[in-house]
Amino acid sequence: MNDSDPRTTTPLLEVSDLKTYFRTERGTVKAVDGVSFSLQRGQSLGIVGESGSGKTVLSRSIMGLLGRTNLIREGSIKFNGQELMGLSVKEMRSIWGQEMSMIFQDPMTSLNPVMKIGRQIAEPLMLHLGMNKSEARLTAEKLLTDVRIPEPQRRLNQYPHELSGGMRQRVMIAIALACGPTLLFADEPTTALDVTVQAEILHLINEQRVDRNMSLILVTHNIGVVAGNTDVIAVMYGGKIVEKAPTKTLFSSYKMPYTEALMRSIPKLRQASHTRLATIPGRPPDMVNPPLGCNFAPRCAYARPKCLVEEPGLTVTENPEHVYACFYPVGSPEYHERKLELSQRSDLLSTGGQN
Amino acid sequence: MKFWMQRVAMAILLLLSVSALTFGAMNVLGDPLFNILGPLAGDVNNPKSAALIEEVKAKYDLDKPLPVRYVKWLGDFATGDMGVQFSTDGQPPVSGLIKERIPRTITLLIMAQLLAVMISIPWAAITAARAGKRSDKISTMNSFFLLAMPNFALAILLKYIFSLKLGWFPLTYKAIDPYFERLRQIFLAAVTIALPAAAVYQRLLRTDLITTLQQDFILMARAKGLSRSRVIFRHAIRPSMFSFITVVGLNTGGLIGGSIVVETVFRIPGIGSSLVESVLREDFPVVLAIVILIALAFVIINVLVDILYSIIDPRVRR
Amino acid sequence: MSEETIIVSDSPDAEINAAIQKKIGWGFWLAISWVILITLLAILAPYLHLKDPRGYFIDIDGNGRPPYGPSFEHWFGTDKDARDIFARTLHGARISLIVGFSAISFGFLVGGTLGIIAGYFRGWLDKIISFTFIVLLSFPSLVLAIMLTALLNRSLFTISMILGILSIAPVGRLARASTLQFSDREFVLAARQIGASDSRIILRELLPNVVIPMSALALLGMAVAIVAEGGLAFLGLSVSQGITWGSLIQIGSDSATTLENAPWIAFFPILLLFLTVLSLNFAGDRLRSHLDVKESSL
C-alpha cells in the first residue's frame, strides 16, 4: 500500500452500509446486509466466502448490474467522490466498461458464441472512446498482445468456441481492460479453468493491475487464490464482512473462527496426499430468516450461548486496518478453553476407535 | 449426404402418395364424365349421347383403368401439361390459367411472410425485454385475441376499417394496373395473413429470447455499458433465431391455406380464389392441378427447411 | 454459476408457469361458461320464441327498405332480405357447434385409435400409420377440405366427416407419441408380466393415461374445426342451404356496399364466432398448462 502517496487519501471507492435484498416468494433474501469498506486507487481487495455468502451479489451490487425488479438496495457507494446509489441505468452505462469493468466466472458462457472475438473487444472501444472500426481493431490487437494471446491478428476473426478456456478468459480480461477502467472486478476468474492455467490468469490480472494502476476487487471462495494477489482481504459470511485485514496480517493472526475454517480448507502441498481436506460442517445460513445472533454461530465449534442471541459488531484490533466480528476470537481465553475440550474429545474418540 | 438422400427419397414417396390419393379421390368420388357432359352423361340410351360419351371417354382416357390413367396423367403433369379446363371449352389450358395466377399468390405470400417477420422480431424483442411486466401481459393477451380471429373475419374487419372507412387501400385488384399499384392492392390481404403468423412467431422468439437474456454473455454485454436495445439486437437476437427460422420456413406452407380465403375476400385472382371458383364450377382438372401444386409446394418447402436446418445446426443430423 | 446468481436471475416465465400449475384460474371457468352458454342457446334456439330465422320481416311503414339496423325489434338488426340476424346467429351456432363437436370426436376416435395402435404395436404397423399421418399433413388442411367438399354432397354428416378426417393426423400423432412414452412405464410392463392381453392393456392401462392429457387438445381442436367450418361456409362450401356463422358472415360481406352500409350483418356473427373460438382456445390452453401436455400440433 502506498500510504505515503497524498493522492490516495480520498479513496477511489467507498462503500458504506450497503444492503442488497431480493424480494422472493419465500420472503426477503438479505444477500448483502450492511457492508462497508473503502478502496484506494491501485489497491486490491480480495473478498472471500463460501458460495451463498453474498460476495457475488456484493460485487454486482456495487457495479449496479443487478436486475431492478424485486431488488432493494440501500446504503452509499461513492466512486471517485461521486455517489452511485440512485443513478439511473442510463447514467451507469457511461461508467460500465469505461470506469468499472468486470471479469466473469465462466469464460465458456460469458462470451457471445455467435460474435467474432475482434468485434466483442472493439464494441466498448467504439462506444466509450469513440474509435472508428480500424482504430478499434488495432487497439483490440494490442490488447490481445497485452494479455499474451499468440497470433492476435488471427484471433480477432475467430469465434469463442475456437479458443481454449484459458484463452477465452484472456479475451475476457482484454475486453474488461479495453477502455482503461480504474476499478476492475474479477468474480471467481479462475474457478472454471484448469488448475494449470489458474495461476497464469491470476498473475496476468495482477500484472495488468500494477501496470495500469487500477484497483481490483477479486471475489473468490478459495482463500488461497487471494493470498499472493491482494493487499487486503475481506472475509464474508451471511451477507456481512466478518473479518477484514491486510493480507499478511490476516494470514498470520486471523481472529474469526470462520476465517480459521477457510484457512484449513486450503490444500497444502506439504500435507500427505491422503490427509482429508478440512471442510466446514453445516450449510450457509438461510438469508430469508438469518439467525438471531452471529450468523456463523450455528456452525461454529467455539460458539457460546451469547453468540446465539447477540450479534457481534466489528471490533478493531491493535492494527487499525484489522477488524473482525466475534465475541470469542482466535486467541481469546474462551477460544483456548474450548479448543482444549475439543482436542481432548477427539483424542478420546480416536483412542476409543483404536481399542 | 446420406441424411439428405433419405429426406429427398421420403419427399418423392410422399409426393407420389399425395398425388395418387388426390387423383384417386377425384376420379372415384367424383364423376369426371358428368363434369364434362352434364346431364348428357346419364343419357346412355340415346345413341347420339352414347356416341358423344364414347368420344369424350376416348378423348380424356376415361375408358382406361385408373392406374393407367394415373401414370399417364403423372407423366403429362411432370411435363407441364395439366390438361384442359372442362368449364371453358378448354381455353386457356389449365397450365395457362395457373401460369397467369400463380405469381400473384406467390407475391402475396412473400409479402405476408416479410411483414410477419418484420412485425414479430421487434415485437418479440420488446416483450422479452419486459417479460412478466404489464406491457408483456397485454401483448400476450393481444396475440391470444389475434389467434382466435378466423382469417376471413380478420380480412373483413381490415377491409371494413382500412378500405371502406379510412380509404387507405383500394377495394379491388386490377391486373392491368402498374406493379406498385398492384402491391398496394394486395397489401391488406398480406396483412391479414401476416398478423396471426406474426403472433405465432413472436411467441416463439420471445420465449427463446428470454432464455438467451439470462445467459452470462448478456450480463457481460451489459457490463460493457451497451444500451439495452444494443444488447438485445446485437447480442441476444442472433443466438435466439434457430427455431424461429425453422418455424417461419415450415409455416410458409401453412400460409398457402390462408391465402385461399383471403384472396376470396379481397378478390385477388390468385391460385386460392381460383381453387374455390373451380370447385364451385366443378371443374375437375383445375381442382386437381391446384391441389397437387399446393401439396407439392408444401412438401418441398418442408424438405428444404429440414435440410436448411440441418446445415444451420449440425446436431440435428445425429 | 454460484448460488447467488440463481437468486439474481429473475425468470418471470417460470413464475407464471408455476402460478398456472397451482390453480387453473377463473379465466378458465369464464371461458367454459361462455361455451356452455352458447351451446345451450344453440340447443334451445327453436324453443326460445325467437323470430323465424328464415322469415322476412319487411317493415313497410316505419323503416323503409331493409337492411334494418339493430333495434329493440331486431336486436342484431336484419340483413338485406329483412331476416332477423339475432335469430339467425343463434340458429347458426347449431351447425357450427355440431360440426365442431362431431369433427373432433371423429378425429379422436379414429386418430386416437390409430395413434395408440401405432405406438403400442410399433413395427410395420407403426410405419404405415405414421406415413398415413404424414400424407394427411402434406395438404394444408383447408385445401384438403375444399377438395373433399367438391367431391361429396354437402350434408351436415359429410362436412363433419371431412373436418373429422382433417383432425385425424394431429390427434393421432400426439396419441402415438404419448403411447410410446407410456408403454415403457412400469405399470404397463407389470401388466404384461402377469399376462394381460393386448386389448386389456390398451383399454385399461394406456387409454386413460393417453386420453386424459389430450382433453385440452379436444378443446383446441374443436376451435380449429369451428374455424374450418366457418371458412368453408364462407366460401359457400359448407352444409348446403344451412344457416351457419360462416355463411352469415359471407352474406354480410359479399359486396362492399353491404359491408359499408350494414356492417352489423357480418359483425354480430363474427363477434359470436370470435368469442367462442377465443373461449375454446383459452380454456384449452389453460387446461394444457394445467395438465402439462408438452406437444400441440393441432
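Computed from a predicted model, the values in this text were never measured in an experiment.

Undergrad: I tried to follow the overall build of chain A on my own but got confused; where do I start?
TA: Helix and strand counts for chain A come out as 12 helices and 12 strands. Radius of gyration (C-alpha) of chain A: 22 Å, near the 20 Å computed for a compact globule of 355 residues. Principal-axis analysis of the C-alpha atoms gives chain A an extent of 75 × 50 × 45 Å. Burial status across chain A gives 43% buried among its 355 residues. Once local pairs closer than 6 in sequence are excluded, the contacts in chain A between residues at least 24 apart make up 65%.

Undergrad: Any chance you could explain the overall build of chain C here in plain terms?
TA: Broken down by element type, chain C carries 13 helices and zero strands. Listing the helices and strands of chain C from first to last along the sequence gives α-α-α-α-α-α-α-α-α-α-α-α-α. Residue burial in chain C is summarised as follows: out of 298 residues, 48% are buried. By sequence separation, contacts in chain C at least 24 residues apart represent 74% of the contacts at least 6 residues apart.

Undergrad: Just to check I follow, could you spell out the sheet that holds strand β4 (residues 71-79) of chain A for this structure?
TA: Residues and elements named next belong to chain A. If you walk across this open sheet you meet the four strands as β2-β1-β4-β5, and the pairing is antiparallel. Of all strands in the sheet, those with a lone pairing partner are β2 (28-39) and β5 (82-83), marking the two edges. Pairing analysis gives two bridges linking β4 to β5, with the strands arranged antiparallel. Opposite F79, over in β5, you have Q82 as the bridge partner. Packing of helix α1 (residues 55-63) onto the sheet brings it into contact with β1 (13-23), β2 and β4, and relative to β2 it is tilted by some 70°.

Undergrad: How should I be thinking about the sheet that holds strand β8 (residues 215-220) of chain A in this particular structure?
TA: Pairing between sheet strands relies on hydrogen bonds along the backbone, with the strands arranged either parallel or antiparallel. Residues and elements named next belong to chain A. Strand order in the open sheet formed by eight strands is β6-β7-β8-β3-β9-β10-β12-β11, with mixed pairing between adjacent strands. Bordering the open sheet on either side are β6 (100-103) and β11 (315-316), each of which pairs with just one other strand. Seen against the sheet, helix α10 (residues 257-264) touches β3 (44-48), β9 (232-237) and β10 (240-246) and runs at an angle of roughly 105° to β9.

Undergrad: Whenever I open this one, the pairing of β1(A) confuses me. Can you help?
TA: Here is the key point about a regular strand: its side chains alternate between the two faces of the sheet. Residues and elements named next belong to chain A. Bridge count between β1 and β4: eight bridges; the pairing is antiparallel. Each bridged residue has a counterpart across the sheet, and for F22 the counterpart in β4 is L71. Bridge count between β1 and β2: nine bridges; the pairing is antiparallel. Along β2, the bridge assignment pairs K19 with D33. The hairpin turn running from β1 into β2, its antiparallel successor, is four residues long, and G27 in that turn takes a positive phi close to 140°.

Undergrad: Quick question: what am I supposed to make of the interface of chain B and chain C here?
TA: One frequent convention defines the size of an interface as the accessible area lost when the parts assemble. With 43 residues of chain B at the contact, the number on the chain C side is 40 residues. Looking at the side of chain B that touches chain C, the elements that each hand over two or more residues are α1 (2-29), α6 (134-148), α7 (151-165), α11 (242-265), α12 (271-280) and α13 (284-312) of chain B. Ranked by residues supplied to the side of chain B that touches chain C, first place goes to α1(B) with eight residues. When its residues are assigned to classes, the side of chain B that touches chain C shows 33 nonpolar, nine polar and one charged.

Undergrad: What is the right way to look at the confidence of the model for chain C in this model?
TA: Where the model shows low pLDDT, its predicted coordinates should not be examined in detail. Residues and elements named next belong to chain C. Here chain C shows a mean pLDDT of 78. Residues at 70 or above account for 84%. For the stretch residues 1-21, pLDDT sits under 50, and the model shows 31 contacts to residues farther than four places along the chain or on other chains. When the criterion is pLDDT under 50, residues 293-298 qualifies, and its contacts beyond four places in sequence or with other chains add up to 17 contacts. Under the prediction, the complex receives an ipTM of 0.82, its pTM being 0.80.

Undergrad: Please clarify how the nonpolar core should be interpreted in this entry.
TA: One recurring pattern in soluble globular proteins: nonpolar side chains tend to sit buried together. Among the nonpolar cores identified, the biggest contains 257 residues, and A:A174, A:V235, A:V242, B:V287, C:A145 and C:I146 are the most heavily contacted of them. Residues contacting A:A174, with those up to four places away along its chain left out, are A:I121, A:L143, A:L144, A:D146 and A:V147.

Undergrad: Would you take a moment to explain the packing of helix α3 (residues 26-44) of chain C against helix α4 (residues 85-121) of chain C for this structure?
TA: Packed helix pairs are specified by the crossing angle of their axes together with the interaxial distance, meaning the distance between the axes. All names here are of chain C. Two elements in contact, α3 and α4, have axes separated by 8 Å at closest approach and are oriented at 105°. Compared by their axis directions, α3 and α4 come out roughly perpendicular. Contacts from I38, T39, L41 and A42 of α3 reach α4 at L90, A93, R94 and L97. Split by residue class, the contact of α3 with α4 holds six nonpolar, one polar and one charged.

Undergrad: Even after reading the chapter, I still don't get unusual backbone geometry, so can you show me in this structure?
TA: Most of the time, phi is negative for any residue but glycine, and the peptide bond is trans. Residue and element names in this part refer to chain A. Backbone geometry places N80, a non-glycine residue, at a positive phi of 55°. If you trace the backbone, N80 turns up in the loop between β4 and β5. One non-glycine residue, R148, lies in positive phi territory at about 60°. Among the structural elements, R148 can be located in the loop between α4 (133-146) and α5 (152-155).

Undergrad: Any chance you could explain the pairing of strand β7 (residues 183-187) of chain A here in plain terms?
TA: All names here are of chain A. With five of five residues buried, β7 lies mostly within the body of the structure. Because side chains alternate across β7, one face comprises the buried residues L183, F185 and D187, and the other comprises L184 and A186, equally buried. In this sheet, β7 lies alongside β6 in parallel orientation, the contact comprising four bridges. Looking across to β7, one finds that M102 is bridged to F185. Taken together, β7, helix α7 (residues 195-212) and β8 constitute a β-α-β crossover, and its handedness is right-handed.

Undergrad: Honestly, the packing of α7(B) against α11(B) in this entry has me stumped. Any pointers?
TA: Residue and element names in this part refer to chain B. Their axes nearest at 9 Å, the elements α7 and α11 cross at an angle of 35°. For the crossing formed where α7 meets α11, the hand is right-handed. Across the interface between the two elements, N151, F152, A155, I156 and K159 from α7 touch G258, V261, V262 and V265 from α11. Its residues placed into classes, the contact of α7 with α11 shows six nonpolar, two polar and one charged.

Undergrad: How do you make sense of helix α11 (residues 245-253) of chain C when you look at a structure like this?
TA: Counting buried residues in α11(C) gives nine out of nine residues, a clear majority hidden from the surface. All buried positions along α11(C) are accounted for by C:W245, C:G246, C:S247, C:L248, C:I249, C:Q250, C:I251, C:G252 and C:S253.

Undergrad: Explain the environment of A:R68 to me, please; I cannot follow it from the model alone.
TA: All names here are of chain A. Examined against the element boundaries, R68 turns out to sit in the loop between α1 and β4. A residue is classified by how many C-beta atoms lie within 10 Å of it, and R68, with 9 of them, is exposed. A sequence separation of 160 residues divides R68 from G228, and the C-alpha atoms of the two residues are 36 Å apart.

Undergrad: Please explain the environment of C:L136 as it appears in this structure.
TA: Residue and element names in this part refer to chain C. Summarising the element assignment, L136 is placed in helix α5 (residues 123-137). According to the C-beta neighbour criterion, L136 is buried, with 21 such atoms within 10 Å. In sequence terms L136 and A175 are 39 residues apart; their C-alpha atoms lie 16 Å from each other. When neighbours within four sequence positions are excluded, L136 is seen to be in contact with I168 and A169.

Undergrad: Any chance you could explain the environment of C:T258 here in plain terms?
TA: Residue and element names in this part refer to chain C. Tracing the backbone through its elements, the reader meets T258 in helix α12 (residues 256-261). Through-space distance from the C-alpha of T258 to that of D79 is 9.0 Å; in sequence the pair is 179 residues apart. For T258, the contacting residues outside a window of four places in its chain are K80, G252, S253 and I265.

Undergrad: I tried to follow helix α6 (residues 165-177) of chain A on my own but got confused; where do I start?
TA: Residue and element names in this part refer to chain A. Over its 13 residues, α6 extends 18 Å from the first C-alpha to the last, a length consistent with the 18 Å expected when each residue adds 1.5 Å. Regarding α6, the residues found buried are M167, R168, Q169, R170, V171, M172, I173, A174, I175, A176 and L177. The inward-facing, buried residues of α6 contact β6, α3 (117-128), α4, β7 and α7.

Scoring rules and cut-offs
- Every residue gets a number counted from 1 within its own chain, in the order that chain's sequence is written.
- Chain letters and ligand numbers both follow the written order, the letters beginning at A and the numbers at 1.
- Selection of residues for local features in this predicted model requires a pLDDT of at least 70, selection of side-chain atom pairs for listing and counting requires 80 or more, and totals for whole chains, interfaces and linings are taken over all residues.
- Helix and strand definitions follow DSSP, with helices as H or I runs of at least four residues and strands as E runs of at least two, each counted in order from the N terminus.
- C-alpha atoms define the radius of gyration, and 2.2 Å times the number of residues to the power 0.38 defines the globule rule.
- Backbone-placed C-beta atoms define the burial measure: a residue is buried with 20 or more other C-beta atoms within 10 Å of its own, exposed with 12 or fewer, and partly exposed in between.
- Two residues qualify as being in contact provided that their C-beta atoms, derived from the backbone, are within 7 Å of each other.
- Any two strands with at least two DSSP bridges between them are considered paired.
- Axes here refer to lines fitted to C-alpha atoms; in helices the fit is confined to the stretch in contact. Angles between the N-to-C directions go from 0 to 180 degrees.
- Note that Gly is not counted as nonpolar here; it falls among the polar residues with everything else outside the nonpolar set of Ala, Val, Leu, Ile, Met, Phe, Trp, Tyr, Cys and Pro and the charged set of Asp, Glu, Lys and Arg.
- What pLDDT conveys is the predictor's confidence in a given residue, as a value from 0 to 100.
- Joining buried Ala, Val, Leu, Ile, Met, Phe, Trp, Tyr and Cys residues through C-beta atoms within 7 Å gives a set, and that set is a nonpolar core.
- Each angle receives one of four descriptions, namely roughly parallel if under 35 degrees, roughly antiparallel if over 145, roughly perpendicular if within 65 to 115, and oblique otherwise.
- When the strands point away from the viewer, a crossover counts as right-handed if the route from the first strand across the helix to the second turns clockwise.
- Should the near helix be turned anticlockwise from the far one by less than a right angle, the crossing is left-handed, and should it be turned clockwise, the crossing is right-handed.
- The span expected for a helix works out to 1.5 Å for each residue beyond the first.

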